[in-house]
Amino acid sequence: MAAPMELRCWGGDWGLPSLHPESLTVMAYAKFSGAPLTVNTINNSWRALKGDVPVLVSEDIVISQPAKILNFLRKQKYNADYGLSAKQGADTLAYIALLEEKLLPALLHTFWVEAENYCSVTKPWFASRIPFPLSLYLPGKMSREALNRILLTRGGPPLYSLAEVEAQIYRNAKECLNLLSKRLGTSQFFFGDTPTTLDAFVFGFLAPIYKVSFPRAQLQEHLKQLPNLCRFCDDILTYYFRLTVSDPALIISLQMDDNLRKSPQHPPRKLTTLKLAAGGEQSSPLNRLSP
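Quick look at the structure, then. (Residues numbered from 1 in each chain as written. Predicted model: local features only at pLDDT ≥ 70, side-chain atom pairs only at ≥ 80, totals over all residues. Heavy atoms only, no water.)

## Comments concerning the nonpolar core
Here is step 1 of the chain: One finds Leu37, Leu73, Leu103, Phe190, Phe203, Leu229 and Phe232 to be the most contacted residues of the largest nonpolar core, which totals 83 residues.
Here is step 2 of the chain: In terms of residue count, helix 3 (residues 86-113) provides more of this core than any other element does, 12 residues in total. (Core = buried A, V, L, I, M, F, W, Y, C linked by side-chain atoms within 4.5 Å. Buried < 20%, exposed > 50% of the residue type's maximum accessible area, 1.4 Å probe, protein only. Helix = DSSP H or I, 4+ residues; strand = E, 2+ residues; numbered from the N terminus.)

What follows is the structure, encoded as structure tokens:
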């Protein structure tokens, strides 16, 4: 009998199972591959102290960071990439690198650096889910870490001022969204009618941008001009998270189908009913994702 697996992550809101992109990535992959995770939120828990979520716990094994968690699930034979070719596997790594280089800085800025968004949405939301007195400290720490990460990757010559950095990261993010939209086209998922690791990462990055209500949301406005990416997020939320309860304090069970239990190499779960209208370790994904 397989050891139970628990995923600890931030809770959700605005119709999302989690507001945290990395947590969403792992949760989506578990849904796609049929991995039987029990998801527990760290809301109002001292587990938030380290901030290193998501964390997967299986007996005496503790794993953080999405790529390492996904690799662990693959070793347990929950493999959403079971049907991919070598070229598609290489494309997956390339697009994940693109997401982290081009889209992530703008995502971090939207949540943690843009002053109006941070003060009116991000800080109150996270502070309300962190126990006192940690709630006075941790949101600010997360904001500083986000800014430092942006400046570390985008703050060198020729971009010296924060305004120049902000303009560049949003240009890069919009270009990335355009490329993703063109790559997805009218397909249900990025490699056809079966979701894979790439779909999990794209969903994890896009869904918070798409759903969270910010007063300053230029990235969301651009995303909503790309209807196939919006439909992509809506379809995953509808068909893969339809049993997820809205109360983040409750335990969410991600149960695998009976046919997946019987398979020695669990194939990814297909979504055959959808028709799409036209429309951290800082390292390379090549070093973090096994084939």
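## Structural notes on the environment of Leu56
Here is step 1 of the chain: Along the chain, Leu56 falls in strand 3 (residues 55-58).
Here is step 2 of the chain: As for Leu56 and Leu73, which are separated by 17 residues in sequence, their C-alpha atoms are 9.8 Å apart.
Here is step 3 of the chain: Not counting the four nearest positions on each side in its chain, Leu56 is found in contact with Glu6, Leu7, Leu37, Ile61, Val62, Ile63, Ile69, Phe72 and Leu73. (Contact = heavy atoms within 4.5 Å.)

## Considerations on the pairing of strand 4 (residues 61-64)
Here is step 1 of the chain: Pairing between strand 3 and strand 4: 4 bridges, direction antiparallel. Pairing of Val57 across the sheet is with Val62, part of strand 4. (Pairing = 2+ DSSP bridges.)

## Focus: the packing of helix 3 against helix 7 (residues 197-211)
Here is step 1 of the chain: Contact geometry of helix 3 with helix 7 gives a least axis separation of 10 Å together with a crossing angle of 15°. Here helix 3 lies roughly parallel to helix 7, going by the angle between them. As helix 3 packs across helix 7, the resulting crossing turns out to be left-handed. Contacts from Thr92, Tyr95, Ile96, Leu99, Glu100, Leu103, Leu104, Leu107 and Phe111 of helix 3 reach helix 7 at Thr197, Leu198, Phe201, Val202, Phe205, Leu206, Pro208 and Ile209.
Here is step 2 of the chain: Per-class residue counts for the contact of helix 3 with helix 7 are 14 nonpolar, 2 polar and 1 charged. (Axes fitted to C-alpha atoms, helices over the stretch in contact; angles between N-to-C directions. Parallel < 35°, antiparallel > 145°, perpendicular 65-115°, else oblique. Left-handed = near helix turned anticlockwise from the far one by under 90°. Nonpolar A, V, L, I, M, F, W, Y, C, P; charged D, E, K, R; others polar.)

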